[in-house]
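# Architecture and fold: a report
Each chain, letter by letter, is given below.
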Amino acid sequence: MWDYTDKVREHFLNPKNVGEVENPDGIGEVGSIACGDALKLTFRLGEDKTITEAKFKTFGCASAIASSSALTEMIIGKTLEEAEKISNENIAEFLGGLPKEKIHCSVMGQEALEKAIAYYRGEPEKVLEGEIICHCFNVTDVDIQRAVKEKGLKTLEDVTGYLKAGGGCGNCHEEISNIIKASQGISIMEPKKPAAGLTNLQKIRKIEETLEVEIKPALIRDGGNIELVDVDGNRVLVRLQGACATCPRSRITLKDHVEARLRNLVAHDLVVEEA
Amino acid sequence: MTPVYLDNNATTRVADEVIEAMLPYFTELYGNPSSMHTFGGQVAQKIQTARQQVASLLGAASSDEILFTSCGTESDAAAVHAALRAFPERKHLITSTVEHPAIKALFEKLAKEGFRITTIPVDTRGRLNMDLLEKSLDEDTAIVSMMWANNETGTLFPVEAIGKLCREKGILFHTDAVQAVGKIPMDLKTMPIDLLSLSGHKLHAPKGVGALYIRKGTPFTPYIVGGHQEHGRRAGTENVASIIGLGRACLMAEEKMAEENTRVRAMRDRLEKELLSRIPKCFVNGDLDARLPNTCSISFEYIEGEAILLMMNQYGICASSGSACTSGSLEPSHVLRAMGVPHTAAHGTIRFSLSIYNTEAEMDTVIEKLPPIVKRLRDMSPFWSDS
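Rules of the game
- Residues numbered from 1 in each chain as written.
- Chains lettered and ligands numbered in written order.
- Predicted model: local features only at pLDDT ≥ 70, side-chain atom pairs only at ≥ 80, totals over all residues.
- Heavy atoms only, no water.
- Helix = DSSP H or I, 4+ residues; strand = E, 2+ residues; numbered from the N terminus.
- Buried < 20%, exposed > 50% of the residue type's maximum accessible area, 1.4 Å probe, protein only.
- Contact = heavy atoms within 4.5 Å.
- Domains from an automatic or database assignment.
- Patch = residues over 30% accessible without salt bridge, like charges linked within 9 Å, V, L, I, M, F, W, Y side chains within 5 Å.
- Areas by Shrake-Rupley, 256 points an atom, 1.4 Å probe, with all protein chains shown as cover.
- Salt bridge = Lys/Arg side-chain N within 4 Å of Asp/Glu carboxyl O.
- Buried area = accessible area lost by both parts, 1.4 Å probe.
- Polar contact = N/O pair within 3.5 Å; in protein donor to acceptor, adjacent residues only side chain to side chain.
- Pairing = 2+ DSSP bridges.
- Axes fitted to C-alpha atoms, helices over the stretch in contact; angles between N-to-C directions.
- Phe/Tyr/Trp six-rings, centres within 6.5 Å; stacked < 30°, edge-to-face > 60°.
- 1 Å grid on protein atoms, 1.4 Å probe; cavity = no way out; pocket = protein on both sides within 12 Å on 5 of 7 lines; lining within 4 Å.
- Points joined across faces, edges and corners; volume = space filled by probe spheres on them.
- Nonpolar A, V, L, I, M, F, W, Y, C, P; charged D, E, K, R; others polar.
- Core = buried A, V, L, I, M, F, W, Y, C linked by side-chain atoms within 4.5 Å.

### Some words on the overall build of chain A
- When its secondary structure is counted, chain A shows 11 helices and 8 strands.
- C-alpha extents for chain A along the principal axes are approximately 75 × 40 × 30 Å.
- For chain A, with 275 residues in total, the buried portion stands at 47%.
- For chain A, the proportion of contacts with a sequence separation of at least 24, taken over those separated by at least 6, is 56%.

### Looking at the domain arrangement of chain A
- As far as domains go, chain A holds domain 1 (6–121), domain 2 (132–183) and domain 3 (200–274).
- For domain 2 of chain A and domain 3 of chain A, the distance between their C-alpha centroids amounts to 26 Å.

### As for a nonpolar patch on the surface
All names here are of chain B.
- The grouping of Ile-19, Leu-23 and Phe-26 at the surface amounts to a nonpolar patch, some 300 Å² of accessible area in total.
- Examined against the element boundaries, Leu-23 turns out to sit in the loop between α1 (16–22) and α2 (38–58).
- Residue classification places Leu-23 among the partly exposed residues on the basis of a relative accessible area of 47%.

### Quick word on the interface of chain A and chain B
- Counting residues at the interface gives 32 residues for chain A, matched by 24 residues for chain B.
- Of the roughly 2,200 Å² buried between chain A and chain B on both sides combined, carbon and sulfur atoms contribute 69%.
- Counting across the chain A and chain B interface gives 1 salt bridge.
- In this structure, Glu-306 of chain B engages Lys-102 of chain A in a salt bridge whose closest nitrogen and oxygen atoms are separated by 2.9 Å.
- The interface formed by chain A and chain B includes 7 residue pairs in polar contact (both at pLDDT 80 or more).
- Breaking the side of chain A that touches chain B down by element, the ones donating at least two residues are α1 (6–13), β2 (37–45), β3 (51–59) and α2 (62–75) of chain A.

### Concerning the domain arrangement of chain B
Residue and element names in this part refer to chain B.
- Domain boundaries in chain B define domain 1 (4–11 + 257–380) and domain 2 (16–252).
- Taking the mean C-alpha position of each, domain 1 and domain 2 sit 28 Å from one another.
- Opposite the 32 residues of domain 1 that make contact, domain 2 presents 34 residues.
- Run the count over domain 1 and domain 2 and you get 2 salt bridges.
- One salt bridge in this structure joins Arg-125 and Asp-287, with 2.9 Å as the shortest N-O distance.
- Our enumeration of links across domain 1 and domain 2 arrives at 16 residue pairs in polar contact (both at pLDDT 80 or more).

### Description of the pattern of salt bridges
All names here are of chain A.
- Evaluated as defined, the whole model comprises 36 salt bridges over all chains.
- A salt bridge links Asp-158 to Lys-100, with the nearest nitrogen and oxygen atoms 3.8 Å apart. Note that Asp-158 is positioned in helix α7 (residues 156–163) and Lys-100 in the loop between α4 (88–94) and α5 (103–121), a separation of 58 residues in sequence.
- A relative accessible area of 22% places Asp-158 in the partly exposed class.
- Assessed through its relative accessible area of 47%, Lys-100 is described here as partly exposed.

### Description of the sheet that holds strand β8 (residues 271–274) of chain A
Residue and element names in this part refer to chain A.
- Spatial ordering of the open sheet is given by β6-β7-β8, a layout of 3 strands whose pairing is mixed. Two strands close off the open sheet at either side, each with one partner strand: β6 (224–232) and β8. Pairwise comparison of adjacent strand axes, ignoring direction, gives a mean angle of 35° for this sheet.
- With 4 bridges joining them, strand β7 (residues 235–242) and β8 adopt parallel strand pairing. From the neighbouring strand, Arg-235 faces β8, where its bridge partner is Val-271.

### Considering the packing of aromatic side chains
- In total, this model carries 3 aromatic pairs over all chains according to the counting rule given.
- Here the aromatic rings of Phe-59 of chain A and Phe-383 of chain B are separated by 5.5 Å at their centres, their planes lie at 75°, and the arrangement is edge-to-face. One end of the pair, Phe-59 of chain A, is in strand β3; the other, Phe-383 of chain B, is in the segment after α11 (360–380), on a second chain.
- Residue Phe-59 of chain A is classed as buried on the basis of its relative accessible area, which comes to 1%.
- Centroid distance Tyr-302 of chain B to Trp-384 of chain B: 5.8 Å. Interplanar angle 50°. Geometry classified as tilted.

### Here we look at the layout of surface pockets
Residue and element names in this part refer to chain A.
- As a volume, the largest pocket reaches approximately 1,400 Å³.
- Along the walls of the largest pocket sit 39 residues, with Val-30, Glu-111, Glu-114, Lys-115 and Asp-143 positioned nearest its centre.
- When contributions to the lining of the largest pocket are tallied by element, the ones reaching two or more residues are β1 (26–32), α5, β5 (139–140), α6 (141–151) and α7.
- It is α5 that provides the largest number of residues to the lining of the largest pocket, a total of 11 residues.
- Of the residues contributing to the lining of the largest pocket, the split by class is 16 nonpolar, 7 polar and 16 charged.
- Among the domains, domain 1 (6–121) and domain 2 (132–183) are the pair contributing at least three residues each to the lining of the largest pocket.

### Concerning the nonpolar core
Residues and elements named next belong to chain B.
- Trp-148, Leu-196, Phe-352 and Leu-370 are the most contacted members of the largest nonpolar core, which has 156 residues in total.
- The dominant element in this core, judged by the number of residues it contributes, is helix α7 (residues 240–278), at 14 residues.
- Setting aside residues up to four positions removed in sequence, Leu-370 forms contacts with Leu-275, Ile-279, Phe-300, Ile-308, Met-312 and Phe-352.
- Counting 22 residues, the second largest nonpolar core, distinct from the first, contains Leu-84, Leu-106, Phe-107 and Phe-220.

### Describing the pairing of β3 of chain A
Residue and element names in this part refer to chain A.
- For β2 and β3, the ladder comprises 8 bridges, and the chain directions are antiparallel. By the bridge assignment for β3, Ala-38 is matched with Phe-59.
- Where β2 folds back on β3, the antiparallel hairpin that results is connected by 5 residues, among which Lys-49 adopts a positive phi of roughly 65°.

Set out below in structure tokens:
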């Protein structure tokens, strides 16, 4: 049996706001019966544009029902601008935590809320981005990359707990693990021994090759890229591009990923700097 | 609150008689059965009695055909690996789509190691496709491993017919009979079964002890090597008290099998009938004509199993959703999927598995408490509509 908090149990056994709001302003439906959980969230706004009524209908486990109940409690009384700031972590915190295998239940709550707000605003439905990796739960590579990056997921189990991806037949486990590794800047190729005694030309070629094969693919997956500008002795001058150029963590990318990989695969004394 | 324990296919209560039989082997009779003195010898003698008791329950020709192991999973692994060593040139293995993870995972691993695996499907009632099995047997087949009774639905496979097909082709037949042993009569003397696995904790013996039946003449190479225990077929100091407990449990199972097949079956049938009549949109899974007497798998459409289990737990009712071994999975059980149970129902499947310790009053509790739970969860479900 899962180790649920008292608050999860309370919201599961005595859920608040079960049902559907009549003439709702917002409707958000996520999940499916095939996936094992689904949530329909409806809300109505008052004259002051705060959410005055919110109800849910959930098909799913205890934590799915508790997360839905918690979500309705959290959004009532809030403006849409306030409500849309509610993350899945907030839902989990409200419940005193969820087992990591059940985090996807709170993610479902956050997604239903996003959809309901988008419905109210008349925004178009998001289309599925990327290639489907987990066919059991319809999860794409873009979803996995985003979750890994934004939520700091480190293992296959983390991804399954968060997105359900990999929780079915298991055929996608290797692909998910590769996405995690690539997002962490870890090459999925066998590491090569650092080359010793390279001439300048050999060193430059090796740096170019390593950037192309080992480093660029991971950055491109995250919407960024990198360009080699010059090699001056042991200094490697590069230019970050796309999302990497504007990312506040670009220095970490440069040092912990690019420099570390080049040191490991080309020469241990290389220093990577932005041109 | 006294629990209403209806999860006996996961594990059973250790019988009082079994505990009583085991206790001296923790205290005054603690000798090592391999020792060459009287103190150890009397323990060895008692293990031999247990071996005879297990053989008797199975209807085996000789107690020498019984090898004690640590559990059903080890018995399965030992049986399959023995076949692979006996026929090293054969690279084809056959199993079914509804096996317990002990066999399913083992065969998946062997597939990765290069073995060709044929997995025979079942129909919507969980019945094996015998035509396909017959067509799949070939000269390259090392072993056919099929469960006797399904742990989730209780459906019985026609092991006699399967064994006959295998014997005609000179192929070893192993059956994982963990759920069947002690619940239905067996006479291995006359049945074409070469290897059979059983587990103690499914029949009121402790956890951590099992046995493998190896028909006399079946080639067998030890899976665990070391000392000369178990006639050189499994090294390692015997789990003495548990083995003695298993023997006593087998004796008890022989005595109680009639009760299992009459009183327990009647209780199960009443529970099933009452739930089906009180709850709309639910159905029983499995082969109703060939099923274990204690098992009932019911799918409640449009709701989810864990939620049902936790609400039942409020009243002390303990059951299982699908298989206890796969309860951490996000997918409905592979057994239900293999049977084609629709998603609308597969997620909401509950397994009730009874034992001789259950009572009619306990069935009344479930019959009273479950219908409102199902209604409550359905009222919360976006897929449920009364109409």
